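# Analysis of the macromolecular model
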Amino acid sequence: MSIWEYANPKKFMQTSAWALPWVVGLTLVCLVVGLSWGFFFTPDDYKQGSTVKIIYIHVPAAMMAINAWGMMLVTSMIWIIRRHHVSALAAKAAAPVGLTFTLIALVTGALWGQPMWGTWWAWDPRLTSFLILTLFYFGYMALWAAIEDPDTAADLTSILCLVGSVFAGLSRYAVLFWNQGLHQGASLSLDEKENVSDVFWLPLVICIAGFVLLFLTMVLLRTRTEIRSRRLKALLARERVA
Amino acid sequence: MKALLLRDLRLAIRTGGGFGLGLAFFFLLSVLVPLGVGPEGGILARIAPGILWIGALLACLLSLDRIFALDHEDGSLDLLATAPIPLEAVVALKALAHWLVTGLPLTLVAPVLAVFLNLPPAGYPWLMISLILGTPALSVIGAFGAALTVGLRRGGLLLSLLVLPLYVPTLIFGAEVIRRGAETMSLATPLALLAAISLGAVALLPFAAAAAIRVNLR
Amino acid sequence: MQLTLSNLAVARGGVTVLQGLSFTLAPGKALILRGPNGSGKTTLLRTLAGLQPPASGSFDLPPDAVAYAAHADGLKSTLTVVENLTFWASIYGGPPIDHALHALDLVALSRRRAGELSAGQKRRLGLARLLVTGRPLWLLDEPTVSLDVASVALFARVVRQHLAAGGLAVIATHVDLGLPEAQVLDLEPHRARLIAQDGFDEAFA
């Protein structure tokens, strides 16, 4: 049996209906355990106090913000190469989720940055890259919204996603060049594991797993909705033709 | 193929519109910025590279939607797509025509506007070099955006939303070249990267844009 | 050369509109497409022109055979009649434009800008473009729109000359062009029937 069978809409609906409750359950377990462990059962940082605990939202959200775009890139390529509709719709479904994670990362970053650096916003390379990433998400979603024909929209947004990924990578590099990181102290590289002491490490991993699962839940739900709405559209179009 | 380039240039000159408008916009921006920022020469000199690049970028953006939209409206794009020249070449030629009527004139007037902005004398040659190397990327990236939005009614606003994020690396390296030039620092790296972005965009984006047009005509 | 359609189906906006089209058009022959508005004439012509892929089935054509004339004429209003035609002639590397100007009675207008022409004159200029392409198969979408009786006759003569020289034409029209030799294809029996399906696959044709 080929993995591509799951790209068949009917098969996808069946499989995802079966998998969804498990994924939701796992998401809840990971998030509840990870976040409450992180928030209530870890010591305060000797330097940063309890503000450090925002790491359990900030770091997983930031990781998923980038991974969501990566997933959109992969599914867009699958659509362009193999023309599996579910793949295109999954890319569409992932965009608002990815954007939300990006915004969460930016907002929690600002909340964390204010007490640490004394400013809500600094034009640090990493912060700037995330701001630019939001622009890419906005453009991608706006293009989906603007085009009526679903296959045309899928094709054009996939092309945009491919080209956009190249330019997003270039922008990341350009931004590093533009401001060689005044703020690249330990506080910003907390997601490199050698900088996080062991007490914080395990709950952080659980939180990251929780966010990955949360992303999966959202994308599955939204893809199912997209498939249903696509079917509704097709039925209505048939009715008009008949 | 020469015929297509000549036709586009002739149309741009006869119709006016985009041609002079971009230059006028560039001029206005360079006049308005000192009025908003204040007359102090030191501040203007510091922000001049960035302002000149942003001005060039926005002036370029003004005429982007005309690259394909006019041909789409009057049916020429359908006919060009069925003509014996590859659509990739059509895109490249139209981007070239766009550059000749916007990017090139912008580069030529930029030194005059740099005077208003107190750009240090050492920056002038680098201003020209950075714009001449960077504006082709603006035209080609813009043509790609125009190809994505060609079938849409309210494509103009969406076009800027799609294209401006793609302009980020060009803007950063372009302005950096002038800034370092003005301060007589070493600028080989940003210059090479700017040229690389332009070359890469010119080489690859016509294929993406042609694919987008084919989808839009379907 | 000849045009062969084998069990071709065409779709508009993801919905199949015509299916089961099979015929062969020999050199010197014209095919008139008949069918009410929305029956898929334009979609079929655009498919044959290569602007969109067939929904299923296939058609067979030598490369670089087609000249397509859509509803819109593709004229630039700020260019003169001669400039418009010369442009298309050099794009196609076709024959000189004098013949086309004479054939569609555009000589007197040749220095005018296309924007200053009447609707019928623009249409004649759009049709003159076909002659400078040098292509054997003409795909014509409602070519007689806004033409007066005399111009329709003029155009019919141009088509007949093209066919006599071994050319082919597929014409979607409601007007009788006076081409007795033309085959007529009624699209009504080929309209796609809706097959009731169930499940989620049907939405993704």
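Heads up: the structure comes first, above all this text.
All values reported here derive from a predicted model rather than from experimental measurement. (Residues numbered from 1 in each chain as written. Chains lettered and ligands numbered in written order. Predicted model: local features only at pLDDT ≥ 70, side-chain atom pairs only at ≥ 80, totals over all residues. Heavy atoms only, no water.)

Quick look at the overall build of chain A now. Along the backbone of chain A there are six helices and zero strands. Across chain A, every contact between residues at least 6 apart in sequence was considered, and the portion connecting residues at least 24 apart equals 79%. Within the structure as shown, chain A displays about 11800 Å² of accessible surface, and the carbon and sulfur contribution to it stands at 69%. (Helix = DSSP H or I, 4+ residues; strand = E, 2+ residues; numbered from the N terminus. Contact = heavy atoms within 4.5 Å. Areas by Shrake-Rupley, 256 points an atom, 1.4 Å probe, with all protein chains shown as cover.)

All names here are of chain C. Spatially, β5-β6-β7-β3-β8 is the arrangement adopted by the five strands of the open sheet, whose pairing is parallel. At either end of the open sheet lies a strand with only one pairing partner, and these are β5 (66–69) and β8 (183–186). With direction set aside, neighbouring strand axes in the sheet form an average angle of 15°. Relative to strand β7 (residues 168–172), strand β3 (residues 30–34) runs parallel, the two sharing four bridges. The partner of Leu31 across the bridge, within β7, is Val170. Contacts from helix α1 (residues 41–48) reach β3, β5, β6 (137–141) and β7, with the element oriented near 150° to β6. (Pairing = 2+ DSSP bridges. Axes fitted to C-alpha atoms, helices over the stretch in contact; angles between N-to-C directions.)

Before going further, it helps to examine the nonpolar core. Residues Phe68(B), Phe144(B) and Leu44(C) are the most contacted members of the largest nonpolar core, which totals 186 residues. In terms of residue count, the dominant contributor to this core is helix α10 (residues 188–217) of chain B (twelve residues). Once residues within four sequence positions are removed from consideration, Leu44(C) is found in contact with Leu5(C), Leu8(C), Val10(C), Leu18(C), Leu21(C), Leu33(C) and Leu187(C). (Core = buried A, V, L, I, M, F, W, Y, C linked by side-chain atoms within 4.5 Å. Buried < 20%, exposed > 50% of the residue type's maximum accessible area, 1.4 Å probe, protein only.)

Residues and elements named next belong to chain A. Counted under the stated rule, the structure contains 13 aromatic pairs over all chains. Ring plane angle 45° and centroid distance 5.7 Å describe the contact between Phe101 and Phe211, whose orientation is recorded as tilted. Of this pair, Phe101 sits in helix α3 (residues 85–117) while Phe211 sits in helix α6 (residues 198–241), and the two are 110 residues apart along the sequence. In this pair, the class of Phe101 matches that of Phe211, namely buried. (Phe/Tyr/Trp six-rings, centres within 6.5 Å; stacked < 30°, edge-to-face > 60°.)

Counting residues at the interface gives 27 residues for chain A, matched by 27 residues for chain B. Here chain A packs against chain B, burying approximately 2200 Å² in sum over the two surfaces, 83% of which is carbon and sulfur. The largest share of the area that chain A buries against chain B comes from Leu156(A), Phe167(A) and Phe177(A), three residues that together contribute 27% of it. Where Asp155(A) meets Arg218(B), a salt bridge forms, and the shortest distance between an N and an O atom there is 2.9 Å. Linking chain A with chain B are one residue pair in polar contact (both at pLDDT 80 or more). Those elements giving two or more residues to the side of chain A that touches chain B turn out to be α4 (125–146) and α5 (150–178) of chain A. (Buried area = accessible area lost by both parts, 1.4 Å probe. Salt bridge = Lys/Arg side-chain N within 4 Å of Asp/Glu carboxyl O. Polar contact = N/O pair within 3.5 Å; in protein donor to acceptor, adjacent residues only side chain to side chain.)

Bringing the pattern of salt bridges into the picture now. All names here are of chain A. Taken as a whole and assessed by the stated rule, the structure comprises 18 salt bridges over all chains. Between Lys92 and Glu226 there is a salt bridge; the shortest N-O distance is 3.1 Å. With Lys92 in helix α3 and Glu226 in helix α6, the pair connects residues that are 134 residues apart, well separated along the chain. A residue is classified by how much of its surface remains accessible, and Lys92, at 25% relative accessible area, is partly exposed.

This part is about the packing of α4(A) against helix α8 (residues 155–166) of chain B. Between α4(A) and α8(B), the least distance of the axes is 9 Å, while the angle of their chain directions is 150°. What the angle tells us is that α4(A) and α8(B) run roughly antiparallel. Here α4(A) runs over α8(B); the crossing is left-handed. In this structure, α4(A) contributes Leu135(A), Phe136(A), Phe138(A), Gly139(A), Ala142(A), Leu143(A) and Ala146(A) to the contact, and α8(B) contributes Leu158(B), Leu161(B), Leu162(B), Pro165(B) and Leu166(B). Across the contact of α4(A) with α8(B), the residue classes break down as eleven nonpolar, one polar and no charged. (Parallel < 35°, antiparallel > 145°, perpendicular 65-115°, else oblique. Left-handed = near helix turned anticlockwise from the far one by under 90°. Nonpolar A, V, L, I, M, F, W, Y, C, P; charged D, E, K, R; others polar.)

In short, geometric facts, not functional conclusions.
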